Amino acid sequence: MNPQERQHIAQALADWFHANGRDYPWRRTTDPWAILVSEIMLQQTTIPTVLGRYDGWMRRFPTPQALAAATEEEALRSWEGLGYYRRVRSLRAAAQAIVERHGGVFPTEEADIRALPGIGDYTAGAVLSFAFNKPAPLVDANVARVFARLCNSRTPVDSPAGRREQWRLAAQMLHRTDPRAYNSALMELGQLVCTAGAPQCLLCPVRAWCRAKNPAELPVKLPKKQTTALEHWDILHVTKRGILLELQPEGKRHAGMWRLPRRSQNEVQVLEHIADQTYSVTRYKVTRHLHRAAPSTRPRKGESYIPLQDLEQIPMASPDRKIISRALGI
C-alpha cells in the first residue's frame, strides 16, 4: 500500500470507531494502570469474563501501590476464575517496579514502560496508544486477521515471517494524531466485522482498500498443534483439622496456589471413586479422577490441612475449587 492509501485507511478506521466503538470500562479512562490491568486480563480471556471481574478488581487494587502492597497469596486469590495465573504475578511485579523505580507514578516514556516486568510489544503498544494517545503499533489475533485480508497476505500469521510482516505493517499504518481511536478500531473491526468465520464485508469501513480475493480463507495459519490428553488422580481427605491440600512450590505452573493432593493410579485403585472432571489448559485436555482418601491418610511433603472456613481466602485454581465445592456440597 502506498502512503496515501495507508492514511485513508487509518482515518476511515478512526472515524468508524468514533461512531461505532463499544463502551467498556477501560475505554472510559486514560489511567495507564487501569488500562494495563484490562490488557493483562484480556490476554487469553473473553471480554464477557473480564467485564464480570474488572470493576471489582479495580476497586480492590486501584493503583500500583495497592497491588504492590498485597501478598502473592492475595493477588492469586483475587485473580481466581481468570486463569493463566502467571499474568497476575507479572502484573504484581510490574506494580512493585512502578513503586520502586518511579515512586508509584506510572511511567510515560516507552523505554520505561517496556522495562516493566511482563510488558511485551503488544502491551506496550496498547498502553502507549490507549493511555497516552501516542502512535504505537500493536498486533493481536484480530488485528493480524484484518491486516492479512487488507493485503491479501498468504503468509501464515502465526509463523515468524508472518509476525514480522504484521508488525511491519502495523508500524507503517499508524495514525499519527488519533492513535487511540485507530488502534481501538483495528481490534474492534476484527471482533465485530472482519470476523474469523464469516466476515461482513459490506459493513466494513475499509472495504474500498481491501485486496482480499476470498476473505473467508484468510488469514492463513500454521497447522494446529494436536490436543494432548492428560489424566491425574486426586484424593479428597477431610478431617476435623480441615481438608488436605497441597501447596504448589516455586517453579510449578500454579506456584503459590493450593490444589487437591495427587496420587498414582495404582494408589487410588482401592479407594472409593467420587467424581470425574474434565478441563482444558492451553493445548491439553485434562481429566481428573477424584477418590475419597482412606482414614489413615497422612500428609506428604507440601501437603497441609486447611480449615474449611479458610477455603474462600486461599488461592486455588478454578477446577480445584469447583470439584471441592461439588464434592463437599458447599
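Attention here is on the structure that accompanies the text. (Residues numbered from 1 in each chain as written. Predicted model: local features only at pLDDT ≥ 70, side-chain atom pairs only at ≥ 80, totals over all residues. Heavy atoms only, no water.)

Some points on the sheet that holds strand E5 (residues 262-263)
Here is step 1: Within the open sheet, the four strands sit side by side as E5-E1-E7-E6. Their pairing is mixed. With one partner strand each, in any of the chains shown, E5 and strand E6 (272-281) form the two edges of the open sheet.
Here is step 2: For E6 and strand E7 (residues 284-292), the ladder comprises nine bridges, and the chain directions are antiparallel. When the bridges of E7 are listed, Gln277 appears paired with Arg288.
Here is step 3: Along the sheet face, helix H14 (residues 318-328) touches strand E1 (228-236), E6 and E7 and points at about 155° away from the line of E6. (Pairing = 2+ DSSP bridges. Helix = DSSP H or I, 4+ residues; strand = E, 2+ residues; numbered from the N terminus. Contact = heavy atoms within 4.5 Å. Axes fitted to C-alpha atoms, helices over the stretch in contact; angles between N-to-C directions.)

Focus on the pairing of E7
Here is step 1: The pairing of E1 with E7 spans nine bridges and is parallel. Its bridge partner lying in E7, Glu231 is registered against Thr287.
Here is step 2: Hairpin connection of E6 to E7: two residues between the antiparallel strands, including Thr282 at a positive phi of 45°.

Describing helix H10 (residues 141-150)
Here is step 1: In terms of burial, H10 is largely enclosed, as nine of its 10 residues are buried.
Here is step 2: Where the residues of H10 are buried, they touch helix H1 (3-20), helix H11 (160-172) and helix H12 (179-192).
Here is step 3: Where H10 begins, the side chain of Asp140 points an oxygen toward the backbone nitrogen of Asn142, at a separation of 3.1 Å.
Here is step 4: Backbone geometry just downstream of H10 places Asn152 in the positive-phi region, at approximately 55°. (Buried < 20%, exposed > 50% of the residue type's maximum accessible area, 1.4 Å probe, protein only. Polar contact = N/O pair within 3.5 Å; in protein donor to acceptor, adjacent residues only side chain to side chain.)

Thoughts on the nonpolar core
Here is step 1: In terms of nonpolar packing, the biggest core is built from 72 residues, with Trp33, Trp57, Trp79, Leu91, Phe147 and Leu189 touching the most fellow members.
Here is step 2: Trp79 has contacts with Ile40, Met41, Arg53, Trp57, Tyr84, Tyr85, Arg87, Val88 and Leu91, leaving out every residue within four places of it along the chain.
Here is step 3: Core analysis: the second largest hydrophobic core is formed by 13 residues, Leu236, Leu245, Met316 and Ile323 among them. (Core = buried A, V, L, I, M, F, W, Y, C linked by side-chain atoms within 4.5 Å.)

Considering the side chain of Thr45
Here is step 1: One can find Thr45 in the loop between helix H2 (32-42) and helix H3 (47-51).
Here is step 2: For Thr45, a relative accessible area of 13% translates into the label buried.
Here is step 3: At a separation of 3.4 Å, a polar atom in the side chain of Thr45 contacts the main-chain carbonyl oxygen of Leu82.
Here is step 4: Within the local environment of Thr45, its side chain forms a polar contact with the side chain of Arg87, the two groups lying 3.1 Å apart.

Describing helix H9 (residues 121-132)
Here is step 1: In a regular helix each residue adds 1.5 Å, so 12 residues correspond to 16 Å; H9 covers 16 Å between its end C-alpha atoms and thus fits that length.
Here is step 2: Within H9, 10 of the 12 residues are buried, which leaves the element mostly enclosed by the surrounding structure.
Here is step 3: Tyr122, Thr123, Ala124, Gly125, Ala126, Val127, Leu128, Ser129, Phe130 and Ala131 are the residues of H9 that are buried.
Here is step 4: Buried residues along H9 sit in contact with H2, helix H8 (110-114), H11 and H12.
Here is step 5: In the stretch just after H9, Asn133 is the one whose phi turns positive, near 55°. (Expected span 1.5 Å × (residues − 1).)

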